[in-house]
Amino acid sequence: MNNTDLTVDICGIKLKNPVIAASGTFGFGREHSDYVDLNKIGGISVKGLTLNPREGNKPPRVAETPAGMLNSVGLQNPGVRYFIENEIQFLRQFSTAIIANIAGNTIEEYCEMAEILSDADIDAIELNVSCPNVKAGCVAFGNTPEGIADITSQVRKHCRKPLIVKLTPNVTSISDIAAAAEDAGADALSLINTLLGMAIDIEARRPILANNTGGLSGPAVKPVAVRMVYEVYRTVKIPIIGMGGISTGNDAVEFLLAGASAVMVGTACLVYPDACIKVCEGIEQYMKRHGFCRVADITGKLMLNT
Amino acid sequence: MSKLLKEVITRVERATDSIFRITVASEYISANAAPGQFVNIKCCDGAQALLRRPISICSVDRSKGEFDLYFQVKGAGTEILAGKKRGDTLDILGPLGRGFDLDIGYRRIAAVGGGIGIFPLLFLLDESKAVVKRSYLGFRSSGQVLLLEEFGERSTSLETATEDGSFGSKGFVTDLLERDIISEEFDMIYACGPYPMLRKISEIAGKHGARCQISMEQRMGCGFGACLTCACMTYTDDGSRHYVRVCSDGPVFNSEDVVFE
Ligand SMILES: Cc1cc2nc3c(=O)[nH]c(=O)nc-3n(C[C@H](O)[C@H](O)[C@H](O)COP(=O)(O)OP(=O)(O)OC[C@H]3O[C@@H](n4cnc5c(N)ncnc54)[C@H](O)[C@@H]3O)c2cc1C
Ligand SMILES: Cc1cc2nc3c(=O)[nH]c(=O)nc-3n(C[C@H](O)[C@H](O)[C@H](O)COP(=O)(O)O)c2cc1C
Ligand code: FES
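Let me sum up the structure you'll find in this document. Within any chain, residue numbers begin from 1 and follow the written order of that chain's sequence. All chains are assigned letters beginning at A, and all ligands numbers beginning at 1, according to the order in which they are written. It should be noted that, the model being predicted, local features are given only for residues of pLDDT at least 70 and side-chain atom pairs only at 80 or more, the latter also being counted only at that level, while totals for whole chains, interfaces and linings use all residues. Values shown for side chains rest on all heavy atoms present in the structure; no hydrogens or waters enter the calculation.

Description of the overall build of chain B
Strands are runs of DSSP state E lasting at least 2 residues, helices are runs of H or I lasting at least 4, and numbering of each runs from the N terminus. Broken down by element type, chain B carries six helices and 16 strands. Radius of gyration here uses only the C-alpha atoms, and the compact-globule reference equals 2.2 Å multiplied by the residue count raised to the power 0.38. Its C-alpha atoms give chain B a radius of gyration of 18 Å, near enough to 18 Å, the size a compact globule of 261 residues would have. The principal-axis extent of the C-alpha atoms belonging to chain B is close to 50 × 45 × 35 Å. Long-range pairs, those at least 24 residues apart, make up 62% of the contacts in chain B between residues at least 6 apart in sequence. When the accessible area of chain B is evaluated, it comes to approximately 11,000 Å², of which 46% is carbon and sulfur surface. Contacts are assigned to residue pairs with any non-hydrogen atoms lying within 4.5 Å of each other. Reported accessibility uses the Shrake-Rupley method at a 1.4 Å probe radius. Residues are deemed covered only where the shown protein chains occlude them.

The following block contains the structure:
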């Protein structure tokens, strides 16, 4: 039982292992490449891209919270065209999947980006319809089943790459949202994005973040994320990429058991640049220990208490 | 290039009520660090004090392969650090950031430090080849004063100011700089300290057309350029404003490039 096979196939995206760096925590891979061999990472979801460059929010943009952090970067990025012209070539030196994470203010912007990126050398598009840090726009699309159905179906018409829709946890029923995205043509789902939160400096009587609120990530959100993956898995047939607070292989296995086919690692990549590799090693050890040959064999193998 | 390192602590010492000194044995950091750079420390394993804490490299002993950190206990992370013992390992990323520019042509320099901002200036004075090195250190009050001997040995002159006048002259360290800036004709002013101090120094330098490098502080998610949380607004060549990263485009900037808000 020792030949563990770590490869996974997510709606046609072939990954050498199920561990992907989460958007916004890995830049365009350049910084991390000083510390880790990017060839050993299943994939990289790049920093959220917008049609035009964005400056992002005022600092401070990060606040540590118990077992987590809030961020309010606000999608600072050089724009989708810059990404295509200056970053893809660097990433393509490595054998790792490239996922373009995109966000927009209007559905038309999303469609235009999907169109442009469909002709670029990337492996998939991840729709960020759930960023809590920008005022107008993308969060509104991810909040309701109608909103997500609308944007997914329209982007679908322009997208000639596998389409992953990333879900926000800041909703009443994650499974309703997930079902709407599936029906509208999503090839896969990724969840969760950050939970809207706030931290206050009581001496100054002000929020720590200049933006006042921000997105919570890290170990603190893991139980919420696992529960959401579990609920979504029972609702949809398309593959799920699970994330939220993963920093070890055991954390990742929780997501796989709950129904994820692959995982993303975010905040942990900021603290340990080599976190993806450690998570992958941990998954492999678990597979050996439990006699699983393929990652897909773990997906959804949760046994509920009755 | 910076590396992910596990290094051994060789000394932990209390310097003042709230400031500790930690000496770390690290061939890599001591061989590769430049003044103004910092290390990013994971204070303990796991989810407590989750993010790394940035601390400046205060001095380096290349012959022993050691470097010194001085830090003030503020919250959870530095509290844990202060409890470290000789022989413990320290989980660090470093050396990080763009440090001070020590051009050989800078013959007359000023080093202006405030509070915990004085630490990177010690390493700067060690490495600078300037002929005249004037140090100006500011503290809140006498209880916070430290490292005077070390600064004195490395400087042509050293002056201190405290806000309450309990040590050195009464007032701000920026007053001392302003007094000397015309007569001393510094080729470069190096400064590190709290935001209001740096803003004031930038103003003074700007007014007198003096060149000045400042080390900025910002809350950081990663410390190595990946997350874009440590934004600092700067002017670019064409006069437009852009956010850059304190951790990797800085922490040291030319004062005229920084947009103070
Ligand atoms: C480039 C750089 C160099 C520094 N060098 C030194 C030094 O040599 N000596 C020293 O005493 N201090 C230094 N600081 C400040 C030091 O990083 C903070 O005091 C420390 O992170 C506080 O952590 P804590 O766990 O005590 O506080 P907490 O309040 O528990 O920290 C919570 C979070 O806020 C961040 N944070 C809080 N205050 C600051 C601050 N002033 N700057 C940046 N992040 C902050 C922490 O890193 C952490 O992520 C430096 C900061 C920067 C950016
Ligand atoms: C600093 C930071 C920036 C982020 N930027 C993005 C982004 O641009 N697009 C996006 O879809 N998600 C973004 N996220 C969310 C992460 O991709 C991920 O969904 C979330 O952090 C939960 O995973 P984690 O707990 O492993 O970090 C960001 C998260 C952090 C911490
Ligand atoms: S702290 Fe992450 S980019 Fe500077």
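A few points about the sheet that holds strand β12 (residues 188–192) of chain B
Within a sheet, neighbouring strands are paired by backbone hydrogen bonds and run either parallel or antiparallel to one another. Residue and element names in this part refer to chain B. A pair of strands is treated as paired once DSSP finds two or more bridges between them. With mixed pairing, the seven strands of this open sheet are ordered in space as β11-β10-β9-β8-β12-β13-β16. Only two strands of the sheet have a single neighbouring strand rather than two, namely β11 (169–170) and β16 (252–254). Think of each axis as a best-fit line through the C-alpha atoms, taken over the contacting stretch in the case of a helix, with angles from 0 to 180 degrees between the N-to-C directions. Contacts from helix α3 (residues 119–127) reach β8 (108–114), β9 (132–139) and β12 within the one sheet, and its direction differs from that of β8 by about 160°.

Some details on the pairing of β9 of chain B
A regular strand places its side chains on the two faces of the sheet in alternate fashion. Residue and element names in this part refer to chain B. Relative accessibility thresholds used throughout: buried, under 20% of the residue-type maximum; exposed, over 50%; partly exposed, between the two (1.4 Å probe, protein chains only). For β9, a buried count of eight out of eight residues is recorded, marking the element as mostly surrounded by other parts of the structure. Taken together, the seven bridges between β8 and β9 define a ladder with parallel strand orientation. Bridge assignment links Ala111 to a residue of β9, and that residue is Ser135. In the classification by handedness, the crossover that spans β8, the intervening α3 and the parallel β9 is right-handed. When β9 meets strand β10 (residues 157–162), the two strands line up parallel, connected through six bridges. Bridge pairing in β10 places Gly138 opposite Ala161. Handedness of the crossover is the feature at issue here: the chain leaves β9, passes through helix α4 (residues 148–154), returns alongside β10, and the resulting connection is right-handed. By convention a crossover is right-handed if, when the strands point away from the viewer, the path from the first strand over the helix to the second runs clockwise.

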